[in-house]
Amino acid sequence: MTLQPEDFWSFYEWLVRPNAFLESALLQGVVLFVLAIVLGLIIGYMVSAARYGPSEGFYAVARTVRDLIRFDLPGTSARRVMALARLAFKEAIRRKVLFVVGLFVVGLLLAGWYLNPESDDPARLYISFVLTATNYLILALALFISAFSLPADIKSKTIYTIVTKPVRPTEIVLGRMLGFVAVGTVMMVPMGLASYLFVTRGLRHTHLEVTDVRELSNGRLEGETDYIRGHKHTFSIDPDSGGLGLTDMVRGHRHVVTQADDDTFTIGPATGALRARIPSYGEVQFYDRQGDRKDAGIDVGNEKVQEGYGSAGIARLVGVTQGPRRAEHGYIEGGTLGVAEFTFSNVTPERYPDGLPLDMSIRAYRSFKGDIVTGIRGSITMKHPGKGTAVSSNPITFIVDEYTVDEKLLPINIEGTDGNETRMLNVFDDLVDENGQLMIQIRCLDRSQYLGVTKSGVYLRPGENSFAWNLTKAYISIWLQMTMIIAFGVMFSTFLSGPVAMVATAVCVLLGFSAEQVYDTRYYIDSGIERGGGPIESVVRILKQDAMTTQLDVDALAGKVIKAVDAGIVYTLDAIATALPNLPKMVSTAEYAASGFDIFGALLARHAAATLGYCILAFVVSYFFLKSREIAA
């Protein structure tokens, strides 16, 4: 997986942005909240003016604001809120929503027949399935119960038994939200447990016997396991290891092999398939073929991942012009002085007592095919940050293994150069500076071939977290999405009928998922890049069968009108998508878990802060609409 630049921010950097406060999430959230309140007051005044006249409409809106600040918020009772939450919970249970858990379990049982454990990465396949299935079921359930509950009570007039009691609108809204969140939480717990059991049992297997065992001249034993689930392993046992050995890594896992005194072998269960790597990222610096520093690597033209602006609409409203952020790989040319240099911090013996685990996800670009069997060669060199090439290790060569995490263990003691002297170097004594920094250089050794890296593609791995806890964090992210959708569903249900409220909430969800595509379209319109234009221009091109990269074949005036209308549509969608939650970022936590990476605590904190902000906004809007309905009049 490729991380975006903002994924490396801490929670404080994301919230405050000390060096660019106008782009901070805090300021953008405040602006969004103020704009929503101002727009709501304007709409409320227009509706009240149409009902009661201009002057009385103003007083009606003012009284509602006064009631919220002076009476309803201070007078909200936690006891009444919890009572209403229990009522909403029981109401949802009576609708037999718990059958969704049974549907999920049945889906897991059926998926066990169709998910292929012989795939190249079965752990990723299984984890992606359970998280995606949970996400769709829980979000659909949240959409249904939150959108239909309040309109159904108003239509059947059962709401009268509540509003005629000393209950405030704030308590009704909070009670509904908390009750439905409790329902979703009760359902997610067994679904999470079932998912964990499904993944662990689905990947569980063992090899029964070893074959082709041979003893080498140095006393080491080598052999192979039997063929199970479409794969087998090779293993080796050193003479001084006490009869313990490890197999090679195949499909993301390996096995422990134990040799008994009677020369029989026991193969342990699969290990290493379910990971939660804790990466330690460094800063990357590229050098071109002449060895000159560059801000980015070579663009080989085979990938153009132009990511969106991110909160661009709000940033534009507060006077900030944001540029696009690129998530593509930077390539280095082989057989030259081109290099990708990573500087890692906090490299200490306490964090890396047994060596430096270096994980690499590297792309390869071939300008000619050459030897397609051997693959493209690269090298890893460790060097002292302050002394440059004067103190550096000898290169460690490797063959690029694309689309997988290539795990290397860099030794603590390695032969290298110290000035004009060649000797054994200790990483911590000779290559790490006084600030705990170490430089690692990645080169491509084959001339006219290219290696592509990103900041997140090469990292040190000081440790790993528990997979169970990592899966729990992925479910927490789904829970946050569910909470946000429940808040929006309750908000729309205060002034719309059930089906219309569900459609409105679903549109918000879809626009949230489409935020990145909207940002991309606006970027290309702003930059003048011809990619087919906006919606109107695209329709014209389809009707005229024009290619998307050519000039639009219409007269000048018509072309200006089409582009102006398209720009208006796209900017409107951009403002709407920016105001709505960026759900793809929240869904990305599933990609972390499926790829075997520990989900950042800062990432979950950012999602939680965004969810809290949207829930508060939905609560305020819900209050005003519920207050204006006069359902108990």
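See the structure shown above.
What comes next concerns the included structure. (Residues numbered from 1 in each chain as written. Predicted model: local features only at pLDDT ≥ 70, side-chain atom pairs only at ≥ 80, totals over all residues. Heavy atoms only, no water.)

1. What to know about unusual backbone geometry
1) Next: Unlike most non-glycine residues, Asp-212 shows phi in positive territory, near 55 degrees.
2) Next: Tracing the backbone shows Asp-212 in strand 1 (residues 210–215).
3) Next: With phi around 65 degrees, Ser-448 is a residue other than glycine that occupies positive phi space.
4) Next: With respect to the secondary-structure elements, Ser-448 resides in the loop between strand 20 (438–444) and strand 21 (449–453). (Helix = DSSP H or I, 4+ residues; strand = E, 2+ residues; numbered from the N terminus.)

2. Re the sheet that holds strand 5 (residues 256–259)
1) Next: If you trace the six strands from one edge of the open sheet to the other, you get 1-2-3-4-5-6, paired in antiparallel fashion. Looking along the sheet, the strands with just one partner apiece sit at the ends: strand 1 and strand 6 (265–267). Along the sheet, successive strands turn relative to each other by an average axial angle of 25 degrees, direction set aside.
2) Next: Of the pairings in the sheet, the one linking strand 2 (residues 221–225) to strand 3 (residues 234–237) comprises four bridges and is antiparallel in character. Paired with Gly-223 across the strands is Phe-235, a residue of strand 3. (Pairing = 2+ DSSP bridges. Axes fitted to C-alpha atoms, helices over the stretch in contact; angles between N-to-C directions.)

3. Here we look at the pairing of strand 5
1) Next: Two strands pair when backbone bridges link them, and strand 4 (residues 244–247) and strand 5 are joined in this way by three bridges, in the antiparallel orientation. Paired with Gly-245 across the strands is Val-257, a residue of strand 5.
2) Next: Inspection of the sheet shows strand 5 paired to strand 6 by three bridges, in the antiparallel sense. Residue Val-257 lies in a different strand from strand 6, and its bridge partner there is Ile-267.

4. A closer look at the packing of aromatic side chains
1) Next: Counted according to the given criterion, the structure contains 17 aromatic pairs.
2) Next: A ring pair is formed by Phe-11 and Trp-14, whose centres lie 5.7 Å apart and whose planes are at 40 degrees; its orientation type is tilted. Here Phe-11 and its partner Trp-14 are both found in helix 1 (residues 11–16), three residues apart, which amounts to about one turn of the helix.
3) Next: When its relative accessible area of 29% is taken as the criterion, Phe-11 is described as partly exposed.
4) Next: For Trp-14, a relative accessible area of 18% corresponds to the buried category.
5) Next: Between Phe-144 and Phe-148, the aromatic rings sit 5.1 Å apart at their centres with planes inclined by 40 degrees, giving tilted as the arrangement. Taken as a pair, Phe-144 and Phe-148 lie in helix 6 (residues 122–156) at a separation of four residues, close to a single helical turn.
6) Next: Residue class for Phe-144 comes out partly exposed when judged on its relative accessible area of 40%.
7) Next: The exposure class assigned to Phe-148 is partly exposed, which follows from its relative accessible area of 21%.
8) Next: Each member of the aromatic cluster is reached from another via a ring pair, and the members are Tyr-126, Phe-129 and Phe-198.
9) Next: Taking the ring centre of Phe-597 as reference, the NZ or CZ of Arg-277 above it sits at 5.5 Å. (Phe/Tyr/Trp six-rings, centres within 6.5 Å; stacked < 30°, edge-to-face > 60°. Buried < 20%, exposed > 50% of the residue type's maximum accessible area, 1.4 Å probe, protein only. Lys NZ or Arg CZ within 6 Å of the ring centre and 35° of its normal.)

5. As for the sheet that holds strand 21
1) Next: Across the sheet, which stays open at both edges, the three strands sit in the order 10-21-13 with antiparallel pairing between neighbours. Since the sheet does not close on itself, it has two edges, and those belong to strand 10 (330–333) and strand 13 (363–366), each with one partner. In this sheet, neighbouring strand axes are inclined to one another by 30 degrees on average, regardless of whether the strands run parallel or antiparallel.
2) Next: Strand direction decides the pairing type here: strand 10 and strand 21, joined by four bridges, are antiparallel. Bridging from a neighbouring strand, Ile-332 pairs with Leu-451 of strand 21.

6. Some details on helix 5 (residues 99–114)
1) Next: With 16 residues, helix 5 extends 23 Å from end C-alpha to end C-alpha; this agrees with the ideal 22 Å at 1.5 Å per step.
2) Next: Turning to helix 5, its buried residues number three or more, namely Val-100, Val-101, Phe-104, Leu-108 and Ala-111. Looking down the long axis of helix 5, one finds its buried residues gathered within 100 degrees of arc, a one-sided arrangement. With respect to the buried face of helix 5, the exposed residues turned more than 90 degrees away are Phe-99, Leu-103, Leu-109 and Trp-113.
3) Next: Along its buried surface, helix 5 packs onto helix 6, helix 8 (169–203) and helix 11 (467–493). (Expected span 1.5 Å × (residues − 1). Arc of directions from axis to C-beta. Contact = heavy atoms within 4.5 Å.)

7. A word on the nonpolar core
1) Next: With 79 residues, the main nonpolar core has Leu-131, Met-187, Phe-198, Val-199, Met-482 and Phe-488 as its most contacted residues.
2) Next: At 15 residues, helix 6 tops the list of elements feeding residues into this core.
3) Next: The residues contacting Met-482, other than those within four sequence positions of it, are Ile-138, Leu-139, Ala-142, Val-181, Gly-184, Thr-185 and Met-188.
4) Next: Grouped together as the second largest cluster of nonpolar side chains are 34 residues, Phe-344, Val-347, Ile-414 and Val-458 included. (Core = buried A, V, L, I, M, F, W, Y, C linked by side-chain atoms within 4.5 Å.)

8. Let's talk about the pairing of strand 3
1) Next: Burial of strand 3 is one-sided: the residues Phe-235 and Ile-237 facing one way are buried, the residues Thr-234 and Ser-236 facing the other way are not.
2) Next: Relative to strand 4, strand 3 runs antiparallel, the two being bridged by two bridges. The partner of Phe-235 across the bridge, within strand 4, is Thr-247.
3) Next: Count of turn residues in the strand 3/strand 4 antiparallel hairpin: six residues, of which Gly-242 carries a positive phi of about 70 degrees.

9. Focus on the packing of helix 6 against helix 12 (residues 498–513)
1) Next: Two elements in contact, helix 6 and helix 12, have axes whose closest approach is 8 Å; the angle formed by their N-to-C orientations is 145 degrees. Here helix 6 runs over helix 12; the crossing is right-handed. For the pair helix 6 and helix 12, the contacting residues are Leu-143, Ala-147, Phe-148 and Pro-151 in the first and Gly-498, Pro-499, Ala-501, Met-502, Thr-505 and Ala-506 in the second.
2) Next: In terms of residue class, the contact of helix 6 with helix 12 is made up of eight nonpolar, two polar and no charged. (Left-handed = near helix turned anticlockwise from the far one by under 90°. Nonpolar A, V, L, I, M, F, W, Y, C, P; charged D, E, K, R; others polar.)

10. Let's talk about the pattern of salt bridges
1) Next: Counted by the stated rule, this structure contains 33 salt bridges.
2) Next: The residue Arg-214 makes a salt bridge to Asp-212 at a minimum N-O spacing of 3.1 Å.
3) Next: By relative accessible area, which is 38% here, Arg-214 ends up partly exposed.
4) Next: Accessibility expressed as a relative area gives 48% for Asp-212, which makes it partly exposed.
5) Next: Measuring nitrogen to oxygen at the nearest pair gives 3.9 Å for the salt bridge that ties Lys-294 to Asp-288.
6) Next: Accessibility expressed as a relative area gives 39% for Lys-294, which makes it partly exposed.
7) Next: Each member of the salt-bridge network shares a partner with another, and the members are Arg-275, Arg-277, Asp-359, Glu-407, Arg-461 and Glu-464. (Salt bridge = Lys/Arg side-chain N within 4 Å of Asp/Glu carboxyl O.)

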